[in-house]
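# Inside the fold
Residue-level listing of the chains:
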Amino acid sequence: MANEPIKVVGIESIEKRGVDVQKLIKLLTAGVGAEFTTYYYYTILRMHCTGLDGEGIKEIVEDARIEDRNHFEAMVPRLYELGGSLPRDIRKFADQAGCPDAFLPDTWEDLTSILRLLLEAEQCAIRSWSEVCDMTANGKDPRTYDIAQRILQEEVEHEAWFIELLSKRPSGHFRRKYVGQSPHVGAQGSLIHL
Amino acid sequence: MQHWVCRQSDIPDNSMKLFNINKADVLVGRISGRLFACDNVCPHRGASLAMGELHGNNIYCYMHAYEYDAFSGKLVNIDSLKQQSNWRRQSEEWKRSDDLTLYPVLEQDGSIYVDLP
Ligand code: FES
Ligand SMILES: [Fe+2]
Ligand SMILES: [Fe+2]
């Protein structure tokens, strides 16, 4: 009796609405993998924002870094609810990440090379969370959709910030209330621990 | 099992379209008059190939710019990303991708059909 499988209505209900849960689990594991590796690599990138101009962008890189960590925090519980899990081995986790590693460029002393890398990482994140939104939209899986769209909103902001720094195209950026505030992921939904 | 997809004229030359057939997302396209059909899921990290583009005989995935031959299903090009020095350091395991899952496709009496397992 004890081993009888328990029906998970939270999964059944999204399957009935057309979500391929195994496919979704794969995308989510890749998505949180990219957030986690990005958080790690952004730490190195931020350390290398040095000198007079470096000081000017340190804080914005830090906001993006902490918010990417928050994205990991926000989506991982959902992964487990759906029956997925984080790989036991962190090497496997990194190798299945949805975005390539944001390695410190050889030319890091030229700040634009760091900014370009940050921009690429954000653009990859936009694409991958958009995939999750597509798969869960229109009432198919409101819970995953809600978390993914909040993450996506912050990724779009991050992209705009880095484009502004590279090209002067205005992004509407003003400093966060505190570092890594995550206005979309962290606010109403309280998806992360602050 | 064979499934009706659409009318011949629904897929003009050098275009592709996404169909949901029997709960499967199937990408059907035509390149230089020749039809192809494949699973819409990119074998690298699962992006929707319908969001990509056709580059010659290849389907180009918008996620990490891999290209798969639409007729053999083989991964043929990851060069677009290779230009950056960072890409060279990327782990081989991360870069690894299976080939595309292709489906037999045929045109008959003005209609297009695919054979799904
Ligand atoms: S997901 Fe298609 S190239 Fe990576
Ligand atoms: Fe993120
Ligand atoms: Fe981000």
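It should be noted that the structure appears before, not after, this text.
Residues numbered from 1 in each chain as written. Chains lettered and ligands numbered in written order. Predicted model: local features only at pLDDT ≥ 70, side-chain atom pairs only at ≥ 80, totals over all residues. Heavy atoms only, no water.

Looking only at helices and strands, one finds 3 helices and 10 strands in chain B. Starting at the N terminus, the α and β elements of chain B follow one another as β-β-β-β-β-β-β-β-α-α-α-β-β. Referenced to the eigenvectors of the C-alpha coordinate spread, the extents of chain B come out at roughly 50 × 25 × 20 Å. The buried share of chain B, taken over its 117 residues, is 50%. Sequence separation of 24 or more characterises 43% of the internal contacts of chain B that already satisfy a separation of 6 or more. Counting every atom, chain B has about 5900 Å² of accessible surface; 46% of that belongs to carbon and sulfur. When the 12 positive and 15 negative side-chain charges of chain B are each reduced to one mean point, those points stand 6 Å apart. (Helix = DSSP H or I, 4+ residues; strand = E, 2+ residues; numbered from the N terminus. Buried < 20%, exposed > 50% of the residue type's maximum accessible area, 1.4 Å probe, protein only. Contact = heavy atoms within 4.5 Å. Areas by Shrake-Rupley, 256 points an atom, 1.4 Å probe, with all protein chains shown as cover. Lys, Arg positive; Asp, Glu negative; His and termini not counted. Charge placed at Lys NZ, Arg CZ, Asp CG, Glu CD.)

Bringing the coordination of the iron ion (ligand 2) into the picture now. Residue and element names in this part refer to chain A. On the protein side, the iron ion (ligand 2) has Glu35 (OE), Glu35 (OE), Asp68 (OD), His71 (ND1) and Glu155 (OE) as donor atoms, found 1.9 to 2.5 Å from it. When the donors of the iron ion (ligand 2) are listed by position in the chain, the intervening gaps give E-x32-D-x2-H-x83-E. In this model, the iron ion (ligand 2) sits 3.5 Å from the iron ion (ligand 3), the two metals being bridged by Asp68. Highlighted residues: Glu35 in helix 2 (residues 21-47) and His71 in helix 3 (residues 51-81), separated in sequence by 36 residues. With a relative accessible area of 0%, His71 lands in the buried category. (Donors = N, O, S within 2.8 Å, 3.2 Å for Na, K, Ca; no water.)

Turning to the layout of surface pockets, a few remarks are in order. As a volume, the largest pocket reaches approximately 580 Å³. The wall of the largest pocket is formed by 23 residues, among which Lys26(A), Pro43(B), His44(B), Arg45(B) and Gly46(B) lie closest to the centre. Broken down by secondary-structure element, the contributors of at least two residues to the lining of the largest pocket are helix 2 and helix 4 (90-95) of chain A. The greatest single-element share of the lining of the largest pocket, amounting to 5 residues, is contributed by helix 2 of chain A. Here the lining of the largest pocket is built from residues that sort into 7 nonpolar, 6 polar and 10 charged. What lines the second largest pocket is a set of 20 residues, among which Lys23(A), Met135(A), Lys140(A), Asn20(B) and Asp25(B) lie closest to the centre. If one sorts the elements of the lining of the second largest pocket by residue count, helix 5 (residues 111-136) of chain A sits on top with 3 residues. When grouped by side-chain class, the residues that make up the lining of the second largest pocket number 7 nonpolar, 5 polar and 8 charged. (1 Å grid on protein atoms, 1.4 Å probe; cavity = no way out; pocket = protein on both sides within 12 Å on 5 of 7 lines; lining within 4 Å. Points joined across faces, edges and corners; volume = space filled by probe spheres on them. Nonpolar A, V, L, I, M, F, W, Y, C, P; charged D, E, K, R; others polar.)

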